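# Coordinate inspection notes
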Amino acid sequence: MNSPPAKRARSSKSPTPAPTRAPAAERESTPAPAVIPAAARESTPAPATTAVARESTPVPATPAAAREATPAPAATPAATRERTPAPATPAAARGRTPAPATPAAETNAPLPGSHWAEQGLPEEEDNDADSTLGSDVESSTASIGSSILRYRTMNGRTYHSDSITDSEYWGPNDDKQNELLDIFHHAMTILLDGRLYDAPLPKKMENAIDLGTGTGLWAIDFADAFPNCNVIGTDISPIQPSWVPPNIRFEIDDYNKEWTYKPDFFDFIHVRWLSGTVKDWFAFYKEAYRCCKPGGYIEHMDTHGTIHSDDGSIDEKVHALGQWGPIWHEAGRRIGQLLVPAVMMENAMKEAGFVNIVVKDYKVPISPWSKDKKMNDVGLYFYAVMNQDLDGVLQFMFGKVMGWTTEEIGIYIKHLKKEMKDMSIHGYFIFRKVYGQKPVDA
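Structural notes, computed from the coordinates. Small disclaimer: the values here were computed from a predicted structure and weren't measured.

## Things to note about empty space enclosed by the protein
Per the counting criterion, the structure on display carries 2 cavities of 30 Å³ or more. If you add up the space inside the second largest cavity, you get close to 60 Å³. Lining the second largest cavity are 13 residues, and of these L192, L196, W218, H270 and R272 lie nearest its centre. Among the elements of the structure, α5 (175–191), β7 (266–272) and β8 (292–303) are those that each provide at least two residues to the lining of the second largest cavity. The class makeup of the residues in the lining of the second largest cavity is 6 nonpolar, 3 polar and 4 charged.

Set out below in C-alpha cells:
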C-alpha cells in the first residue's frame, strides 16, 4: 500500500514497537517449498499413539511421563456458562473461573444504506476539541509502517483462484488487505502478551497446522518457537513469504472441502479470525477432530462481530459503530452463514467430541481510548486494522449482499472513521478464545 507520509508521533501515544525481524533476504532461513495444492501432496502417516486408559469420572489427560506439558500462560479467566453437556469433566474439576459476561448477539434489524445517504457526510472534526484526538491517532499510526510493514510487503496484487474454492470470500487479498492481516497479528501479539497459544501444549510435537493462515505470520512465529515440529499453513491464496523457517510449508487448500489429512495426525490445530469464511462450523470441527491426534489440541479465536461500549457511548440507532454488528449479522442471515462464530465455538467443539474445553473472552478496543497502557496500544493497532481497508472489507457484504450503493458505503465509512477518532466513544470488540483436547483414548 502507499502509506501516508510519516508524521512526528506524540510521545504520549507511542505504540509498543513491533518485534524486530530482519528483512527476508537477511534471515538465515531455508526457502519454503513451492506452495502446493493439498490434493497433490501425500501426508506423512501419523505415528501410532498409545491409548491411555482413563478413570470413569475424570476427563482423560496425557500422563506426565508420556508428555512434558508446558503450562499455558496466565490469561483472562475462562467463562462459566450453562451450555449443552459434553463428555468432559464438570467445570469444577477443570478449575474454570468466571469470565466477564458476554453481551448477547445483536438481533435488531440494521438501518438501510439509504439512512447514511440521507445523513450526508459528517462534519470535519475539530482537532482542538478535548474529546477528539484524531490528529494524535493519525500521527501514531503513521509510524507503524516503519516498524511492522517494512519487511512484510507482499509481491503484487493476488486473488484466490476459483479452482481452489467454490466459496465467495468477502475480503480482498491484495497488498492493502495483506498488510491489514499483518497489523492484526501484531495487535493480537500485544493483547496476548506475546503468547501464540493458551492450550497446554507439550514441549515436543510432530505436526501442527494453521488453518486460514493468511500472510502466515502466526505460523512462522510458531515454527520458530517449535523448530522440531512440522508446521503447515493453509490458505486459498499464495500470499505467504518465500523465506521462512525450514520446518514450515504453505499449502493452497480450502477447509470447506473434505480434508485430505490422515486421521490422528496433528498435535495442534490453530484457527484464528475466520469470520465469514466457513460454511458449516459443525462439519469444520468434526474434520478437525478426525485429523487431531488423541491427546492433541484445537484452539480457535474469533470475534462476536458487534461493537460494544460499557458506558453507553455507542448508541445502535445513532452511531455507525453501533450498526456494524447488526449489518454483518443480517448479511450472514441473507447468505445462510454464521459470519461471527464466537457464539457457537464451545458447543460445536463439544459436539465434535473435544473435551477439557476452556473459554476465554478478551476485550479489544477499536481505538486508543483506554488509559491502560497495554490496552491503549492494542486499541492503536486495532484502529490501524479498522482503517487499513474499510472499502475492501465492506464492498462485498454491504454492496453485493445488502444492496448498498457505492455512495452509501462511502458515507457510512466516513461516519465510522469520524467516530473511531472520537476518544469519548469507548468501543470494543469481544474476541473469544476456545481450546479443547481430543480424548487420549479416542
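Moving on from the coordinates now.
## Quick word on helix α8 (residues 320–335)
Helix length check: α8, at 16 residues, gives a terminal C-alpha distance of 22 Å against a target of 22 Å (1.5 Å per residue), a fit within 8%. The buried count for α8 comes to 12 of 16 residues, which makes it a mostly enclosed element. Listed in full, the buried residues belonging to α8 are A320, L321, G322, Q323, W324, G325, P326, I327, W328, E330, A331 and G332. Those residues of α8 that are buried are in contact with α2 (113–119), α10 (373–388), α11 (390–401), α12 (406–421) and β10 (428–437). At the C-terminal side of α8, G336 shows a positive phi close to 75°.

## Things to note about α11
Counted at 1.5 Å a residue, the expected span for α11 with its 12 residues is 16 Å, and the 16 Å between its end C-alpha atoms agrees. The buried count for α11 comes to 9 of 12 residues, which makes it a mostly enclosed element. If you check which residues of α11 are buried, you get L390, G392, V393, L394, F396, M397, F398, G399 and V401. Directly beyond the C-terminal end of α11, a positive phi value near 80° is found at G403.

## Section: the pattern of salt bridges
All chains considered together, the criterion is met by 19 salt bridges. Between K317 and E316 there is a salt bridge; the shortest N-O distance is 4.0 Å. Notably, a salt bridge pairs E330 with R334, separated by 3.0 Å at the nearest N-O pair. With E330 and R334 both in helix α8, this residue pair falls 4 residues apart, about one helical turn.

## Considering unusual backbone geometry
Of note in this structure, D193 is not a glycine but carries a positive phi near 55°. With respect to the helices and strands, the residue D193 is situated in the loop between α5 and β3 (207–211). A positive phi is found at N356, a non-glycine position, where the angle reads about 50°. Turning to its location among the elements, N356 is positioned in strand β9 (residues 355–365). According to the relative accessible area criterion, N356 is buried, its value standing at 16%.

## Examining the packing of aromatic side chains
Tallied over the full model, the rule gives 26 aromatic pairs. Seen from their ring centres, Y197 and F226 are 6.0 Å apart, and the 50° between their planes marks the pair as tilted. Of the two residues, Y197 is situated in the loop between α5 and β3 and F226 in the loop between α6 (217–225) and β4 (230–235); the sequence distance between them amounts to 29 residues. Comparing Y197 with F226 shows no difference in burial state: the two are buried. Ring centres 6.1 Å apart and planes at 35° place the aromatic pair W281 and Y285 in the tilted group. On the criterion of helical spacing, the pair formed by W281 and Y285 is a turn pair, its members being 4 residues apart in helix α7 (residues 281–291). A single burial state applies to W281 and to Y285, both of which are buried.

## Notes on the environment of I298
Locating I298 in the fold gives a position in strand β8. When its relative accessible area of 0% is taken as the criterion, I298 is described as buried. Through-space distance from the C-alpha of I298 to that of I209 is 9.7 Å; in sequence the pair is 89 residues apart. Sequence-distant contacts of I298, defined by excluding residues within four places in its chain, comprise F268, I269, Y285, A288, M349, F354, V434, Y435 and G436.

Definitions and limits used
- Residues numbered from 1 in each chain as written.
- Predicted model: local features only at pLDDT ≥ 70, side-chain atom pairs only at ≥ 80, totals over all residues.
- Heavy atoms only, no water.
- 1 Å grid on protein atoms, 1.4 Å probe; cavity = no way out; pocket = protein on both sides within 12 Å on 5 of 7 lines; lining within 4 Å.
- Points joined across faces, edges and corners; volume = space filled by probe spheres on them.
- Helix = DSSP H or I, 4+ residues; strand = E, 2+ residues; numbered from the N terminus.
- Nonpolar A, V, L, I, M, F, W, Y, C, P; charged D, E, K, R; others polar.
- Expected span 1.5 Å × (residues − 1).
- Buried < 20%, exposed > 50% of the residue type's maximum accessible area, 1.4 Å probe, protein only.
- Contact = heavy atoms within 4.5 Å.
- Salt bridge = Lys/Arg side-chain N within 4 Å of Asp/Glu carboxyl O.
- Phe/Tyr/Trp six-rings, centres within 6.5 Å; stacked < 30°, edge-to-face > 60°.

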